[in-house]
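Coordinates in review
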Amino acid sequence: MNIQFKKGVLEICVLVLATSGDRYGYELAVKISEKFEVAVGSVYPLLNRLTQEGYFSTYLKESPEGPPRKYYQLTPEGWRHMRALLAQWTDFTRAVNEIIEEGLKP
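How each quantity is defined
- Residues numbered from 1 in each chain as written.
- Predicted model: local features only at pLDDT ≥ 70, side-chain atom pairs only at ≥ 80, totals over all residues.
- Heavy atoms only, no water.
- Helix = DSSP H or I, 4+ residues; strand = E, 2+ residues; numbered from the N terminus.
- Salt bridge = Lys/Arg side-chain N within 4 Å of Asp/Glu carboxyl O.
- Buried < 20%, exposed > 50% of the residue type's maximum accessible area, 1.4 Å probe, protein only.
- Polar contact = N/O pair within 3.5 Å; in protein donor to acceptor, adjacent residues only side chain to side chain.
- Contact = heavy atoms within 4.5 Å.
- Phe/Tyr/Trp six-rings, centres within 6.5 Å; stacked < 30°, edge-to-face > 60°.
- Patch = residues over 30% accessible without salt bridge, like charges linked within 9 Å, V, L, I, M, F, W, Y side chains within 5 Å.
- Areas by Shrake-Rupley, 256 points an atom, 1.4 Å probe, with all protein chains shown as cover.
- UniProt positions renumbered as here; feature names shortened; annotations may be inferred.

- An unreviewed UniProt entry lists the protein chain under the name PadR family transcriptional regulator, with Paenibacillus arenilitoris as the source organism.

1. Side note on the environment of E11
- With respect to the helices and strands, E11 occurs in helix α1 (residues 3-17).
- When the C-alpha positions of E11 and F36 are compared, they lie 14 Å apart, and in sequence the two are 25 residues distant.

2. Some words on the pattern of salt bridges
- Counted according to the given criterion, the structure contains seven salt bridges.
- The salt bridge partner of K31 is E34, with a shortest N-O separation of 3.6 Å.
- Given the relative accessible area of 52%, E34 is considered exposed.
- Between R69 and E65 there is a salt bridge whose closest N-O contact spans 3.0 Å.
- Sharing partners across several salt bridges, the network here consists of E11, R49 and E53.

3. Considerations on the side chain of E11
- Among the residues examined, E11 registers a relative accessible area of 15% and is labelled buried.
- Looking at E11, its side chain comes within polar contact range of the side chain of R49, at 2.7 Å.
- In this structure E11 touches L46, R49, L50, H81 and L85, once residues within four positions along its chain are discounted.

4. A short note on the packing of aromatic side chains
- Across all of its chains, the model carries four aromatic pairs by this definition.
- Ring geometry for F56 and Y72: centres 5.8 Å apart, planes at 75 degrees, overall edge-to-face. With a gap of 16 residues between them, F56 in strand β2 (residues 56-63) and Y72 in strand β3 (residues 66-74) connect regions that are remote in the sequence.
- Residue F56 is classed as buried on the basis of its relative accessible area, which comes to 3%.
- When the ring of Y59 is compared with that of Y71, the centres are 5.6 Å apart and the planes differ by 10 degrees; the resulting orientation is stacked.

5. Some thoughts on a nonpolar patch on the surface
- Together, W89, F92, V96, I100 and L104 make up a nonpolar patch on the protein surface, roughly 500 Å² of accessible area in all.
- Tracing the chain through its elements places F92 in helix α4 (residues 76-104).

6. Concerning the UniProt feature "domain: Transcription regulator PadR N-terminal" (unreviewed entry) in the protein chain
- According to UniProt, the feature "domain: Transcription regulator PadR N-terminal" (unreviewed entry) maps to residues 14-83 in the numbering used here.
- For residues 14-83, helix accounts for 49% and strand for 27%, while the C-alpha atoms at its two ends are 13 Å apart.

Spelled out as structure tokens, the structure:
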């Protein structure tokens, strides 16, 4: 898959997956990788940026499988940001699909 496509949707995917509950970084990367390949290392800088921008809060929780895990929880601002991105995504994909359909007409 085109790397620019992935970069464009990774933020939306991370935010949407966090709506179902608190998540840790590796868990998010694995979940996204079930749909399209993503490097685990590409998720952490995004999570750090989204946290610095106030869209996530974090906390540590003990793990039975090793060191404590850092969990990410959507803040109210994160929810608003996610909804705004989804609205933009819907408009964007609709427009792109229309262009594709028009361009492929015989």
